[in-house]
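Chain by chain, the residues run as shown.
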Amino acid sequence: MIIAIDGPSASGKGTLARALAARLGYRHLDTGALYRMVGLSVMRQNIDPADEEACAAIAASLDPAAFADSELRGEAVGNLASRVAALPKVRQALLAFQRAFARRAPGAVLDGRDIGTVVCPDADFKFFITASAEARAKRRFLETPGADLAAITADIMARDARDSGRSTAPLRPADDATVIDTSALRPDEALAAVLDRIAAGR
Ligand code: CDP
């Protein structure tokens with residue numbers, strides 16, 4: 001069983017994917033963390049994020065166990081992640097790991113931008129989680145101590161534009177995805193909507 005959860009930054013997809021996997025007893029992969037790991041490595045090794053070959057080499061030799069989650073958060077790493085994520089060879093280098101993760105028993109929930117469209121086009125269920133830019137910026141603001149709301153809003157909008165506008169695996173709902181707008185939903189309400197859809201079957 002493979003469940004794909006895609007959506008823009010701070011849409012609530014990560015929280016939802018984690019809760020859904022825990023509820024169903026499945027494994028969960030935050031694929032954005034993989035792109036963030038590439039972004040952080042590029043930053044630490046002083047590599048030009050436009051150098052596709054060098055970034056792809058980093059993506060191909062990632063050791064996910066070498067990164068602490070706390071190092072990967074933050075808009076600076078998120079922005080770099082979104083820049084390297086636009087490079088086709090970086091995406092290609094991360095594909096096999098994601099697909100292998102998805103196939104392992106007992107089932108998997110993957111969240112990202114292109115799970116339903118590219119990584120797992122045959123997923124059993126596909127969800128596209130979205131929310132207004134204002135709601136998403138406010139969420140990020142509340143979870144980031146000392147943050148500036150205007151700067152976060154600008155970052156989110158720039159990242160949306162880059163993720164949706166790139167030619168390789170752009171952010172968009174799969175044709176057969178269920179779209180859920182979480183602007184006015186609490187996390188438990190979003191989870192309930194997804195569980196209802198799954199209970200209704202394919
Ligand atoms: O948590 P947030 O939504 O802010 O970002 P994330 O899911 O950690 O992803 C960081 C960046 O990685 C995104 O802005 C995308 O550019 C990229 N990404 C992607 O291209 N494809 C994915 N499957 C996941 C993330």
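Details of the structure are given in the entry above.
Student: It is not clear to me how the sheet that holds strand β4 (residues 125-130) should be interpreted in this structure. Could you clarify?
Tutor: By way of backbone hydrogen bonds, the strands of a sheet pair with one another, either parallel or antiparallel. The parallel open sheet is built from five strands, whose spatial order is β2-β3-β1-β4-β5. The open sheet has two edge strands with one neighbour each: β2 (27-30) and β5 (178-181). On average, each strand axis in the sheet is tilted by 20° relative to the strand beside it, whichever way the strands run. As paired elements, β2 and strand β3 (residues 108-112) share four bridges and run parallel to each other. Bridge pairing in β3 links histidine 28 to valine 109. In the packing of helix α10 (residues 187-199) onto the sheet, the strands contacted are β1 (2-6), β4 and β5, and the crossing angle to β4 comes to about 155°.

Student: Can you help me understand helix α5 (residues 75-84) in this one?
Tutor: Residues three or four positions apart in an α-helix share a direction because the helix packs 3.6 residues into each turn. Most of α5 is tucked away, with eight of its ten residues classed as buried. Of the residues making up α5, those classed as buried are Glu75, Val77, Gly78, Asn79, Leu80, Ala81, Ser82 and Val84. Residues of α5 that are buried in the fold lie against α2 (31-44), α3 (52-60), α4 (69-72), α6 (88-103), α8 (133-143) and α9 (149-165).

Student: Whenever I open this one, the site of the ligand confuses me. Can you help?
Tutor: Surrounding the ligand, one finds 19 residues, the nearest of these being Arg36, Arg91, Arg140, Arg159 and Asp163. A distance of 2.8 Å is found between an oxygen atom of the ligand and a side-chain nitrogen or oxygen belonging to arginine 140. One nitrogen or oxygen atom from the side chain of aspartate 163 is found 2.7 Å from an oxygen atom belonging to the ligand. In isolation the ligand offers 530 Å² of accessible surface; the protein chains occlude 97% of this area. Ranked by residue count, the leading element in the shell around the ligand is α2, at four residues. Considered class by class, the residues forming the shell around the ligand number four nonpolar, five polar and ten charged.

Conventions adopted
- Residues numbered from 1 in each chain as written.
- Predicted model: local features only at pLDDT ≥ 70, side-chain atom pairs only at ≥ 80, totals over all residues.
- Heavy atoms only, no water.
- Pairing = 2+ DSSP bridges.
- Helix = DSSP H or I, 4+ residues; strand = E, 2+ residues; numbered from the N terminus.
- Axes fitted to C-alpha atoms, helices over the stretch in contact; angles between N-to-C directions.
- Contact = heavy atoms within 4.5 Å.
- Buried < 20%, exposed > 50% of the residue type's maximum accessible area, 1.4 Å probe, protein only.
- Near = heavy atom within 4 Å.
- Polar contact = N/O pair within 3.5 Å; in protein donor to acceptor, adjacent residues only side chain to side chain.
- Areas by Shrake-Rupley, 256 points an atom, 1.4 Å probe, with all protein chains shown as cover.
- Nonpolar A, V, L, I, M, F, W, Y, C, P; charged D, E, K, R; others polar.

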